[in-house]
Amino acid sequence: MAMPTNVKTDQDYPVPATMKAWVLGDPGELTLQDKPVPVPERAEVLVRIDAVAICATDLEIICHGPPAEIQGGDPYNKGFTPGHEYMGTVVALGPGVDEYAIGDRVAVEIHAGCGQCRRCREGMYTSCHNYGKNYGDVDKGHRANGFTTDGGFCEYQINNINTLVHVADDMSDEEATLVVTAGTAMYGLIELGGLVAGESVVVTGPGPIGLMGVAVAKALGAQPVILTGTRDNRLEIGKKLGADHVVNVRNEDPVEAVQRLTDGKGVDYVVECSAAPNAINDAARMVNRGGKICLAAFPTDAPVVDVAHLVRNNIYVYGIRGEGKTATHRAEAFMRQKRFDATLIHTHTFPMTELPEAIRYAKDRVEDAIKVVVKNDHAVARLQAAE
Ligand SMILES: [Zn+2]
Ligand SMILES: [Zn+2]
């Protein structure tokens with residue numbers, strides 16, 4: 001038993017002293033190692049990780065480094081465990097925690113801000129000014145699991161209670177890993193001004209966040225919701241999630257299509273999830289005057305932007321980071337109410353021990369993979385016992 005006496009545990013959820021964890025060595029190199037199970041402190045719980053979804057940002061971190069930042073630098077050869085879109089079961093409570101109970105099923109969001117900087121005090125904890133400062137003499141207590149602290153490609157992880165969301169009993173482990181994805185889409189729509197019923201939205205790029213953007217926009221009452229992309233199979237999933245129109249940009253110019261579908265009026269909001277080189281200029285010609293654009297994707301190169309068009313037309317542009325303003329709670333509520341079926345974007349499941357193969361599926365889109373999930377044995381065993 002590794003937990004100190006001020007940490008609450010329960011014999012129904014035994015906590016071992018060590019666990020298996022994937023550790024990042026050189027770029028692209030992951031090895032399965034033994035690590036101590038971490039100990040929750042004040043305002044933290046220990047989560048037994050049941051399932052983790054692989055995100056495009058994980059692939060960025062594993063192969064290139066940013067936006068991960070470990071001990072003030074790149075994440076390589078520092079014993080770092082990536083993975084951030086996980087769910088699991090609370091198995092130990094740090095001192096004073098009564099917000100969650102042992103046995104609770106939870107999904108997580110990533111960012112626990114420092115709680116003391118200007119942005120955290122404004123509620124914008126995903127924009128914490130002390131990002132990554134959680135070590136040595138600059139320890140401000142910031143955590144972003146899988147980015148600045150150890151993440152979920154392992155068996156147990158500590159989470160600040162502010163990063164937890166209860167999930168409905170009838171929600172599968174795989175679906176629960178998607179709460180944070182839907183939460184990111186929800187945050188984008190909140191930043192655009194809190195979408196109200198009857199306003200029009202284009203989502204560009206049918207990746208996981210784009211597809212969840214369609215679902216959340218529709219659940220909020222937007223009309224029409226238009227999805228643009230290059231892959232027909234993903235556009236079809238977009239229709240099932242609530243898109244009124246889909247546009248394959250290989251067949252039709254997306255700006256002309258949006259103007260046609262809105263009788264030349266353009267839309268109120270664009271949620272840009274494609275990272276295409278000209279996406280922001282296209283978005284600026286899809287929105288109407290005074291419209292708003294949310295940028296939710298990271299393009300690799302710096303695009304040339306027609307700023308004059310933005311200024312002349314009073315177009316607002318927002319960059320979003322993460323899933324701020326407790327948007328995950330609102331996303332989980334929609335999923336709990338079955339307002340959309342997030343599982344449509346889950347395509348593959350692998351055991352945690354086969355993480356490299358799961359990553360290959362996600363990266364190369366093997367068998368049209370969209371969201372690939374890895375599960376720990378304890379979760380798989382529980383599922384088999386239930387069947
Ligand atoms: Zn992610
Ligand atoms: Zn902060």
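Residues numbered from 1 in each chain as written. Chains lettered and ligands numbered in written order. Predicted model: local features only at pLDDT ≥ 70, side-chain atom pairs only at ≥ 80, totals over all residues.

Okay, the overall build of the chain next. On a plain count of helices and strands, the chain comes out with twelve helices and 17 strands. Radius of gyration (C-alpha) of the chain: 21 Å, near the 21 Å computed for a compact globule of 387 residues. C-alpha atoms of the chain, sized along the principal axes, occupy 65 × 50 × 40 Å. Within the span of the chain, comprising 387 residues, buried residues form 49% of the whole. A separation of at least 24 residues holds for 67% of the contacts in the chain among residues at least 6 apart in sequence. (Helix = DSSP H or I, 4+ residues; strand = E, 2+ residues; numbered from the N terminus. Rg over C-alpha atoms; globule rule 2.2 N^0.38 Å. Buried ≥ 20, exposed ≤ 12 C-beta atoms within 10 Å, placed from the backbone. Contact = placed C-beta atoms within 7 Å.)

An α-helix turns once per 3.6 residues; consequently, residues spaced three or four apart project the same way. By the burial criterion, the buried members of helix H1 (residues 56-64) are Asp 58, Ile 61 and Ile 62. Viewed end-on, H1 has its buried residues packed into an arc of 95°, placing them on one side of the element. Buried residues in H1 make contact with strand E1 (18-24) and strand E2 (30-36). Following H1 by one or two positions, Gly 65 has its phi on the positive side, about 110°. (Arc of directions from axis to C-beta.)

Quick look at the sheet that holds strand E12 (residues 245-248) now. An order of E12-E11-E10-E13-E14-E15 is seen for the six strands of this open sheet, with the pairing classed as parallel. A single partner strand is all that each edge strand has here, and the edge strands are E12 and strand E15 (316-319). Recorded for the sheet is a direction-independent mean angle of 15° between the axes of neighbouring strands. One ladder, built from four bridges, connects strand E11 (residues 225-229) with E12; its direction is parallel. Considered in E12, the bridge of Gly 229 is made with Asn 248. Contacts from helix H5 (residues 208-219) reach strand E10 (201-204), E11 and strand E13 (267-272), with the element oriented near 165° to E10. (Pairing = 2+ DSSP bridges. Axes fitted to C-alpha atoms, helices over the stretch in contact; angles between N-to-C directions.)

With that settled, the discussion passes to the nonpolar core. Counting 110 residues, the largest nonpolar core has Val 179, Ala 182, Ala 215 and Val 216 as the members making the most contacts within it. Top contributing element to this core by residue count: H5, with eight residues. Counting the residues that make up this core, at least three belong to each of domain 1 (18-110 + 145-166 + 343-386) and domain 2 (181-319). Apart from the residues within four sequence positions on either side, Ala 182 is in contact with Met 212, Ala 215, Val 216, Ala 331, Met 335 and Ala 342. The next biggest cluster of nonpolar side chains, apart from the first, holds six residues, and it includes Ala 112, Cys 114, Cys 120 and Tyr 125. (Core = buried A, V, L, I, M, F, W, Y, C linked by C-beta atoms within 7 Å. Domains from an automatic or database assignment.)

Looking now at the packing of helix H7 (residues 254-261) against helix H8 (residues 279-286). Interhelical geometry of H7 versus H8 gives an angle of 20° and a closest axis separation of 9 Å. One element, H7, and the other, H8, form an angle in the roughly parallel class. Crossing of H7 over H8 shows right-handed handedness. Facing H7, whose interface residues are Pro 254, Val 255 and Val 258, H8 presents Asp 282, Arg 285 and Met 286. Grouping the constituent residues of the contact of H7 with H8 by class yields four nonpolar, no polar and two charged. (Parallel < 35°, antiparallel > 145°, perpendicular 65-115°, else oblique. Left-handed = near helix turned anticlockwise from the far one by under 90°. Nonpolar A, V, L, I, M, F, W, Y, C, P; charged D, E, K, R; others polar.)

Before going further, it helps to spend a moment on H5. The end-to-end C-alpha distance of H5 is 16 Å, a good match for the 16 Å that twelve residues give at a rise of 1.5 Å each. Taken across its twelve residues, H5 has twelve buried, putting it largely inside the fold. What H5 keeps buried is the set Pro 208, Ile 209, Gly 210, Leu 211, Met 212, Gly 213, Val 214, Ala 215, Val 216, Ala 217, Lys 218 and Ala 219. Two residues or fewer past H5, Gly 221 is found with a positive phi of approximately 95°. (Expected span 1.5 Å × (residues − 1).)

By the assigned domains, the chain splits into domain 1 (18-110 + 145-166 + 343-386) and domain 2 (181-319). The C-alpha centroid of domain 2 is placed 30 Å from the C-alpha centroid of domain 1. Contact with domain 1, which involves eight residues of that partner, is made by nine residues of domain 2. By residue class, the composition of the side of domain 1 that touches domain 2 is four nonpolar, no polar and four charged.

Here we take up unusual backbone geometry. Following Pro 66, the chain continues to Pro 67 via a peptide bond in cis, the omega torsion being 5°. Within the element layout of this structure, Pro 67 appears in the loop between H1 and strand E4 (85-93). Cis geometry is found at the peptide bond from Gln 223 to Pro 224, where omega equals -10°. With respect to the secondary-structure elements, Pro 224 resides in the loop between H5 and E11. In this structure, Asn 77 takes a positive phi of about 55° despite not being glycine. In this structure, Asn 77 sits in the loop between H1 and E4. For Asp 368, which is not glycine, the phi dihedral falls at a positive 55°. Along the chain, Asp 368 turns up in the loop between helix H11 (355-364) and strand E17 (371-375).

The next point concerns the pairing of E17. Counted residue by residue, E17 has five buried out of five residues, so it is predominantly covered. Burial along E17 is two-sided: the residues Lys 371, Val 373 and Lys 375 and Val 372 and Val 374 are all buried. Sheet analysis places strand E3 (residues 44-53) next to E17, joined by three bridges and oriented antiparallel. In the strand pairing of E17, Ala 53 is matched with Val 373. Bridge count between strand E16 (residues 346-351) and E17: five bridges; the pairing is parallel. For Thr 349, the partnering residue across the bridge sits in E17 and is Val 373. Taken together, E16, H11 and E17 form a β-α-β motif whose crossover is right-handed. (Right-handed = clockwise from strand over helix to strand, strands pointing away.)

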